[in-house]
Amino acid sequence: QVQLVESGGGLVQPGGSLRLSCAASGNIFSVNAMGWERQAPGKQRELVAAISSDGVAGYSDSVKGRFTISRDNAKITVDLQMNNLKPDDTAVYYCYADIFSTGSDMSSDYWGQGTQVTVSS
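In short, a report on the structure.

## Some details on the overall build of the protein
1) Next: For the protein, the helix and strand inventory stands at zero helices and eleven strands.
2) Next: Listing every helix and strand of the protein by position from the N terminus yields β-β-β-β-β-β-β-β-β-β-β.
3) Next: On C-alpha atoms alone, the protein measures out to a radius of gyration of 14 Å, which is about the 14 Å that the 2.2 N^0.38 rule sets for 121 residues.
4) Next: On the principal axes, the C-alpha backbone points of the protein span a range of 50 × 25 × 25 Å.
5) Next: For the protein, with 121 residues in total, the buried portion stands at 40%.

## Considerations on unusual backbone geometry
1) Next: One non-glycine residue, Ile 76, lies in the positive phi region at around 55°.
2) Next: With respect to the secondary-structure elements, Ile 76 resides in the loop between strand 7 (67-72) and strand 8 (77-82).
3) Next: Residues other than glycine seldom take positive phi values, yet Asn 84 does so here, at roughly 50°.
4) Next: Checked against the element boundaries, Asn 84 lands in the loop between strand 8 and strand 9 (91-101).
5) Next: Accessibility expressed as a relative area gives 42% for Asn 84, which makes it partly exposed.

The rules behind each value
Residues numbered from 1 in each chain as written. Predicted model: local features only at pLDDT ≥ 70, side-chain atom pairs only at ≥ 80, totals over all residues. Heavy atoms only, no water. Helix = DSSP H or I, 4+ residues; strand = E, 2+ residues; numbered from the N terminus. Rg over C-alpha atoms; globule rule 2.2 N^0.38 Å. Buried < 20%, exposed > 50% of the residue type's maximum accessible area, 1.4 Å probe, protein only.

Any functional reading would require information beyond the geometric quantities listed.
Below, the structure is given as structure tokens:
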């Protein structure tokens, strides 16, 4: 059993900052890519940022230059630092990870339960 638990969402004014954190736990042998997705009301879920096991990061055009993804492989955590937030960033944010469970011969994707981020004045 693998679990991802997010924290750090909330309400922030436009131009403000938030930091999201996600911790993975359970029957984990190794972790490949980790990342963050978001889903705004009435919109499809979109990939926001991802980071490989060796630290190579990628971002969607809508957040590039404002968001920074990082991970701690020893703690099996992935964070998303969000700066200069805009109302369009309002969404439920989900962390995900591509994980090999102990004893498994293939990896699987796991998602957290989601954390709400609201950007409003």
